[in-house]
Amino acid sequence: MAECGGVDSNPSSHTMDKSITLPPDEIFRNLENAKRFAIDIGGSLTKLAYYSTVQHKVAKVRSFDHTAKEAASDKLYEISVQEEVTARLHFIKFENAYIETCLDFIKDHLVNTDTKVIKATGGGAHKFKELIERKLGLKVDKEDEMTCLIKGCNFVLKNIPHEAFVYAKHADSEFRFQTTNPDIFPYLLVNIGSGVSIVKVESEDKFERIGGSSIGGGTFWGLGALLTKTKRFDELLQLASKGQHTSVDMLVKDIYGGSYGYLGLTGDLIASSFGKSATADKEFSKEDMAKSLLHMISNDIGQLACLYAKLHNLSRVYFGGFFIRGHPVTMHTITYSINFFTKGEVQALFLRHEGYLGAIGAFLKGAEEDNPNQYSWGENYAGSSGLMSVSPDMNPMQRARSGTFDMLEMDRLERQLMNLPLLQDPSSYIPDTVDLTEDALAREYWLDCFEEALDGVVKRAVASQPDMPEAALRAEKFRQKYRHKLQTLRNQPFAYGSLTVRSLLDTREHCLNEFNFPDPYSKIKQRENDVALKYYQKAVKSLEELSWEERQFALVRGVLAGNVFDWGAKAVSDVLESDPEFGFEQAKRQLEERPWLVDSYDQWLERLKGPPHKCALFFVDNSGVDIILGVMPFVRELLSRGTEVVLASNSGPALNDVTNGELQILTERIAAMDPVIQASLSEDRLTLVQSGSSSPCLDLSRLDKVLAMVARERQTDLVIIEGMGRAIHTNYYAMLSCESLKMAVIKNSWLADRLGGKLFSVVFKYEVPAGKPGQDSAALTPS
Amino acid sequence: MKLITEKKPAFPWFGMDIGGTLVKLVYFEPVDITAEEEQEEVENLKSIRRYLTSNVAYGKTGVRDVHLELRNLTMCGRTGNLHFIRFPTQAMPRFIQMGRDKNFSSLHTTLCATGGGAYKFENDFRTMADLELLKLDELDCLIRGLLFVDRVGFNGHPECYYFQNPSDTQSCVKKPCTLDNPFPMLLVNIGSGVSILAVYSENNYKRVTGTSLGGGTFLGLCCLLTGCETFEEALEMASKGDSTNVDKLVKDIYGGDYERFGLQGSAVASSFGHMMSKEKRDSISKEDLARATLVTITNNIGSIARMCAVNEKIERVVFVGNFLRINTVSTKLLAYAMDFWSKGQLRALFLEHEGYFGAVGALMELLKTTEDP
């Protein structure tokens, strides 16, 4: 654990405490293990990057040796909490004024000293070179600014879903996040610093500055300062947002008296920027001149960007640089300009972590030997500040960000992630069913829902670590952190990209991990698994007694009833906690009678009468009754039909979802009782893979590479997705190129209401891809 | 003889282009007036002719560009001199007033006008001076006028010119040339704002794009930054200034060339970039500011024009418009920019009658309309 006790006694931290609103130990986290520093010093902001390792607890399961006599425990497996070291990237952004205090702080806390070099980029790097070398004793190694920018840009586009967004000032949600296109190249990056650079990026290493302009942020600032006697860039933008450009600019209607109809130029179009100021006998307000200048520069840059985009036939154009950096005013005028000049054919795209690109790139340059690009990385919601709301209309004072620090943390994922090859169109795939950023009603409900559930989560977290007296304190810290995140999301739903039920769940998992609650449900899962296993043989036997057609229906009902057992759903956890006798049979009775809310069972049954599937990929959900009594018999039937089955479960824990580690033990135990499973395992017709995820939801565009490979190799022609998190909150509308089956019970009354059903309504969605039968899956079908 | 005169429009022959900043007026002064004609000529027609041809300045702000006069020109079967006159659009009400005072409407001539002002002031002409304007599209007029003037030449010399060795300030010289085979051409008209046209023939052209950063922006910003009042004053100051005191160059940032991207140290990285610093703002001269404004606007137009030329696959770029009047700083800069950034692929061409083609085109429309009834 990071011992932060030394902070208060440190003399330098006192000076920091005065100027910085966040406690420094929260800012420069994991500094004691930090290595590989990079720094990007811009005109006003410094971005510091370091690579560090985080030691945190992970829950592991280990099978008891059941053959040994001394294994007296009736438990299936033991749970142990182990320390694990993972890699994390830290990025911190602060005003240049704090450089010296920050460097002092780093120096005092940097235990690991085998780092000799700090990579530096940005216009201010040379200015602070001497200071950095003296304070940290590291050699400053300068890296090319543009190269760093592009490297950083590639990195965030690849690793952070919802990195890019379209800005729409007057829309319900200002930020419209883009779906992650697995193929990020080629694109155009328009970097608006003091000047403008237009760079065409074709691959990881291939990029070219195809053009630029000297009319950029420096022109706005410099000319603006001359015209308005206002010194600061932010103040100039503030002025501009209040001004009226029409008193300074000559419009088409000023020349024509109206529109220039013949060319389709509207009267409000600017014919000549500052065209009305060519007169000595008029005074112009600062606001109006600033606004006119802003329009002039934004339009000019937009026009050039469009000309270059057209020449190089590029439709993805990202804008960055200090002129843009989160300023709604400039994002709006640039967007307007791009729309005007391309008639909507090209969209202006902005990046959530635009300010960090240089620092990320510089860091990557220095870390090439670690091959950071070989890994997949994920934004850690617990440790990242998220996008600020900076709309000057909403809160003019919020722009004055002095004294605040902005952070981004990225975890190195153990597994490399990629698309499920069975997605019909990876570039248009959106995992989430409802975008809470745009749906205010739904947003309010879910934020309330997660807030209300917080007490229970805290209670369970404490209960999961009975031997640790300080667990209560950590759980309390978790509560504060997550409540604060929820508060942030209430005000800035766009802080981490599109707000979704998935992102709310994932944020909670990240926060739990942050405070060393790696698996609050481990004991509950263990108990449930133990109980359920005892009924496995009985359940299978009773199914075998049924006729074929009765059995198919019973199997589906079994999966659905099993899915009712879900501690993650509020309504269910209430019942389960108050009534432990709530059994499998009772669950079946709870289920809605057919016809279900979504019911394509008849088509499914028809399909089953046909030839067996080649291979089914099954994304499983919960531990206990769900996996053992619901899913396994269903899988067993598929195997008996001659269909290979790949069971995909979470890599890490999330709620009571069965993890890959647990499922391996469970499967072994079932195999010991069931020759069908035993044979399938040994013949490699039943395979367990991990999803690469630790989320109760499922993003089919970020799956373990091995899973994707197995799915392809096995010529998967059926994908089964089970549970509310994976089949309703996410993937409800996912289009696959093969047959798919989505099964879930709606265990949330609000959601049921929304979908037109009621509590315990059933979704049974069997889909065959549209188009000519077999065409889409031609590549997957053996000829 | 009588038949022909009947087909010709009545004198006086005017063509007018009312822009955002300047009104351009061309006046055809017939020199082949017969004694009979002279006798029939009404008094106010004579007085208009005398007033226009015997003065070089009209009121406080009207100017006749004597050096541009096209002499012994034959138009519509008549020989005469074509005079080029300009005055600020702000003086338009006074001009209309004068039209009324001189009883212009009694002359039964058609007043052909183009430019935005033809629309904006149409009603004023009608109500104040009892004059009906024949409104013409400015781009049609521009192209027609340009092709005509190029065809008839500039008193025996070519109308068109370019700069030889544009990349070398020492040996850069103005060279006359002809637009024998003018199509396709990219026509960049720099008035208050800028219009860029791709012209494939006299009647086949499209407006590719435009920018609001034009002559009006140069003058407007100069007035705000230096307190100057006229284009001439602004240019005079600009000719004495040094823009590198105002602009941040590549070498100011990188200490030299930015080799990774092949940018020369002397290239402007950020227009007005030095002005972000208070000390530099406090020490800067008006001349430097005027020069920087001129260079910024000119380079930007050059940059957009060049991109359009590449996108439209046109190698000949013709720059016109009154922004280029007495403005060799800009013409040379444009010539340099076209040559340098296109590695010699593009050639910048200029025309002596810079801003008057719209007005000439309007006059030609007058002669055309009355020719074919």
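Here the residue numbering is sequential within each chain, running from 1 through the sequence in written order. Chain labels run from A onward and ligand labels from 1 onward, assigned in the order the entries are written. Local features in this predicted model are restricted to residues of pLDDT 70 or higher, and side-chain atom pairs are both shown and tallied only at a pLDDT of 80 or more, whereas totals for entire chains, interfaces and linings draw on every residue. The side-chain figures draw on all heavy atoms in the structure; neither hydrogens nor water molecules are used.

Novice: Quick question: what am I supposed to make of the overall build of chain B here?
Specialist: By definition, any uninterrupted DSSP run of H or I lasting at least four residues is a helix, any uninterrupted run of E lasting at least two residues is a strand, and each is numbered from the N terminus. Per the secondary structure count, chain B includes 14 helices and 17 strands. A globule of 373 residues ought to have a C-alpha radius of gyration of about 21 Å, and chain B, at 22 Å, matches this closely. Each principal axis of the C-alpha distribution contributes one length, and for chain B these read about 75 × 45 × 35 Å. Buried residues in chain B amount to 58% of all 373 residues. A contact between two residues is defined here by any heavy atoms of the two lying within 4.5 Å. Sequence separation of at least 24 residues holds for 67% of the intrachain contacts in chain B that already meet a minimum separation of 6. Computed with a 1.4 Å probe, the accessible areas rest on the Shrake-Rupley method; for each residue, only the protein chains presented here act as cover. Surface exposure of chain B reaches about 15800 Å², of which carbon and sulfur atoms provide 49%. In summary, the charge assignment counts Lys and Arg as positive and Asp and Glu as negative, without counting His or the chain termini. Each charge is placed at NZ for Lys, CZ for Arg, CG for Asp and CD for Glu. Averaging the coordinates of the 41 positive side-chain charges in chain B and doing the same for the 46 negative ones gives two points 3 Å apart. Note on method: radius of gyration uses C-alpha positions; expected globular size equals 2.2 Å times residues raised to 0.38. Note on exposure labels: buried denotes an accessible area under 20% of the residue type's maximum, exposed denotes more than 50%, and partly exposed covers the range between, all computed with a 1.4 Å probe on protein chains only.

Novice: Help me understand the overall build of chain A, please; the structure alone is not making it clear to me.
Specialist: Scanning chain A from N- to C-terminus turns up 26 helices and 25 strands. Counting across all 783 residues of chain A, residues that qualify as buried make up 61%. Considering only contacts in chain A between residues 6 or more positions apart, those separated by 24 or more positions represent 73%. Summed over its atoms, the accessible surface of chain A is roughly 30800 Å², and 50% of this surface lies on carbon and sulfur atoms.

Novice: Hey, could you run me through the pairing of strand β9 (residues 160-164) of chain B in this one?
Specialist: Two faces make up the sheet, and in a regular strand the side chains alternate between them. All names here are of chain B. With four of its five residues buried, β9 lies for the most part within the structure. Two strands pair when backbone bridges link them, and β9 and strand β10 (residues 173-177) are joined in this way by five bridges, in the antiparallel orientation. For tyrosine 161, the partnering residue across the bridge sits in β10 and is proline 176. Note on pairing: two strands pair once DSSP finds at least 2 bridges between them.

Novice: Explain the domain arrangement of chain A to me, please; I cannot follow it from the model alone.
Specialist: One frequent convention defines the size of an interface as the accessible area lost when the parts assemble. Residue and element names in this part refer to chain A. Here the limits of each domain have been adopted from an automatic or database domain assignment. Domain boundaries in chain A define domain 1 (24-64 + 76-163 + 358-414), domain 2 (165-248 + 284-351), domain 3 (440-515) and domain 4 (528-767). Between the C-alpha centres of domain 1 and domain 2 there is a distance of 27 Å. Facing 22 residues of domain 1, the contacting portion of domain 2 comprises 30 residues. Note on domain 1 versus domain 2: buried area summed over both sides is about 2300 Å², and carbon and sulfur give 62% of it. A carboxyl oxygen of Asp or Glu within 4 Å of a side-chain nitrogen of Lys or Arg is what we treat as a salt bridge. Our count for the domain 1 to domain 2 interface comes out at one salt bridge. N or O atoms within 3.5 Å of each other form a polar contact, as long as, within protein, one can give a hydrogen and the other can take it, and as long as residues adjacent in sequence are counted only when both atoms are side-chain atoms. Connecting domain 1 to domain 2 are three residue pairs in polar contact (both at pLDDT 80 or more). Defined in terms of a 1.4 Å probe, buried area is the accessible area two parts forfeit on being brought together, summed over both.

Novice: Is there a simple way to think about the confidence of the model for chain B in this case?
Specialist: Low-pLDDT stretches of the model should not have their predicted coordinates read in fine detail. All names here are of chain B. Here pLDDT means the predictor's own confidence in every residue, given as a number from 0 to 100. In this model, chain B carries an average pLDDT of 92, and 97% of its residues clear a pLDDT of 70 or more. Within chain B, strand β11 (residues 185-190) carries the highest mean pLDDT (98), whereas helix α1 (residues 2-7) carries the lowest (49). Low pLDDT (under 50) marks residues 1-5, which in the prediction has zero contacts with non-local residues, meaning those over four places away or in another chain. Reported for the predicted complex are a pTM of 0.87 and an ipTM of 0.95.

Novice: Just checking my understanding: could you explain the packing of helix α16 (residues 522-544) of chain A against helix α22 (residues 660-673) of chain A for this structure?
Specialist: Helix-helix packing is described using two parameters, namely the angle between the two axes and the distance between the axes. Residue and element names in this part refer to chain A. Between α16 and α22, the least distance of the axes is 11 Å, while the angle of their chain directions is 20 degrees. When the interaxial angle is binned, α16 and α22 end up roughly parallel. Crossing hand, α16 versus α22: right-handed. Contacts between α16 and α22 involve Lys525, Asn529, Leu533, Tyr536 and Gln537 from the former and Glu662, Leu666, Arg669, Ile670 and Met673 from the latter. Only the stretch in contact is used when a helix axis is fitted, and all axes are lines through C-alpha atoms; the angle between N-to-C directions ranges over 0 to 180 degrees. Oblique is the label for every angle not falling under 35 degrees (roughly parallel), over 145 degrees (roughly antiparallel), or within 65 to 115 degrees (roughly perpendicular). Crossings are classed by handedness, with left-handed meaning an anticlockwise turn of the near helix from the far one by less than a right angle and right-handed meaning a clockwise turn.

Novice: What is the right way to read the pattern of salt bridges from this model?
Specialist: Side chains bearing opposite charge may pair, as long as their charged atoms lie close to each other. Residues and elements named next belong to chain A. Considering all chains together, one arrives at 64 salt bridges over all chains under this definition. Residue arginine 232 is joined to aspartate 234 by a salt bridge in which the shortest nitrogen-to-oxygen separation is 3.9 Å. Aspartate 234 sits in the partly exposed class, given a relative accessible area of 21%. Salt bridges sharing partners connect three or more residues here, namely Arg88, Glu409, Asp411 and Glu514.

Novice: So what exactly am I meant to see when it comes to α22 of chain A here?
Specialist: Residues separated by three or four positions in an α-helix point in the same direction, a consequence of the helix having 3.6 residues per turn. The span one expects for a helix is its residue count, reduced by one, times 1.5 Å. The terminal C-alpha atoms of α22 of chain A lie 20 Å apart, and with 14 residues this matches the ideal 20 Å at 1.5 Å per residue to within 8%. Restricting attention to buried positions, one finds in α22 of chain A the residues Asn660, Glu662, Leu663, Ile665, Leu666, Thr667, Ile670 and Ala671 of chain A.

Novice: I would appreciate a short explanation of the packing of helix α13 (residues 440-463) of chain A against helix α15 (residues 501-514) of chain A in the present structure.
Specialist: Residues and elements named next belong to chain A. Their axes nearest at 12 Å, the elements α13 and α15 cross at an angle of 30 degrees. Judged on the interaxial angle alone, α15 and α13 are roughly parallel. As for the relative orientation of α13 and α15, their crossing is right-handed in sense. Here Trp446, Leu447, Phe450, Ala453, Val457 and Ala461 of α13 come into contact with α15, specifically with Val501, Leu504, Leu505, Arg508 and Leu512. For the contact of α13 with α15, a count of residues per class yields 10 nonpolar, no polar and one charged. Each residue gets one label: Ala, Val, Leu, Ile, Met, Phe, Trp, Tyr, Cys and Pro are nonpolar, Asp, Glu, Lys and Arg are charged, and the others, such as Gly, are polar.

Novice: Explain the sheet that holds strand β7 (residues 175-177) of chain A here, please?
Specialist: Consider a sheet: its strands pair through backbone hydrogen bonds, and that pairing is either parallel or antiparallel. Residues and elements named next belong to chain A. Taken in spatial order, the seven strands make up an open sheet running β7-β6-β14-β13-β8-β9-β10, and their pairing is mixed. Every other strand in the sheet has two partners, leaving β7 and β10 (207-213) as the edge strands with one partner each. Averaged over all neighbouring strand pairs, the angle between strand axes comes to 35 degrees, with direction disregarded. Where strand β9 (residues 196-201) lies against β10, six bridges are found, and the strand directions are antiparallel. By the bridge assignment for β10, valine 201 is matched with phenylalanine 207.

Novice: Got a minute to help me understand the interface of chain B and chain A in this structure?
Specialist: Facing 57 residues of chain B, the contacting portion of chain A comprises 50 residues. Joining chain B to chain A, the criterion identifies one salt bridge. Measuring nitrogen to oxygen at the nearest pair gives 3.8 Å for the salt bridge that ties lysine 310 of chain A to glutamate 312 of chain B. For the interface between chain B and chain A, the tally reads 18 residue pairs in polar contact (both at pLDDT 80 or more). Those elements giving two or more residues to the side of chain B that touches chain A turn out to be α5 (116-120), α7 (138-152), β13 (204-211), α8 (215-226), α10 (250-254), β15 (268-270), α11 (278-282) and α12 (286-312) of chain B.

Novice: Would you explain unusual backbone geometry in this entry?
Specialist: Across the chain, the bulk of peptide bonds are trans and the bulk of non-glycine residues have phi less than zero. Residue and element names in this part refer to chain B. Of note, the amide linkage connecting phenylalanine 11 to proline 12 takes the cis form, showing an omega dihedral of 0 degrees. By the element assignment, proline 12 lies in the loop between α1 and β1 (13-18). Residue proline 184 is bonded to the preceding phenylalanine 183 through a cis peptide linkage, with omega at -10 degrees. Along the chain, proline 184 turns up in the loop between β10 and β11. Positive phi, close to 55 degrees, is recorded for cysteine 76, a residue that is not glycine. Here cysteine 76 shows up in the loop between β5 (70-75) and β6 (78-88).

Novice: Honestly, the sheet that holds strand β23 (residues 718-722) of chain A in this entry has me stumped. Any pointers?
Specialist: Residues and elements named next belong to chain A. Pairing is mixed in the open sheet, where seven strands are placed in the order β18-β25-β24-β23-β19-β20-β21. Strands with a single pairing partner mark the edges of an open sheet, and in this sheet they are β18 (598-599) and β21 (686-690). Sheet topology note: the strand β19 (residues 615-619)/β23 ladder contains four bridges and is parallel. Looking at β23, one finds that alanine 616 is bridged to leucine 718. Of the strands in this sheet, β18, β23, β24 (739-745) and β25 (762-767) touch helix α20 (residues 601-609), which is tilted by about 45 degrees from β25. With respect to the sheet, helix α21 (residues 625-641) is in contact with β19, β20 (644-649), β21, β23 and β24, its orientation differing from that of β20 by roughly 155 degrees.

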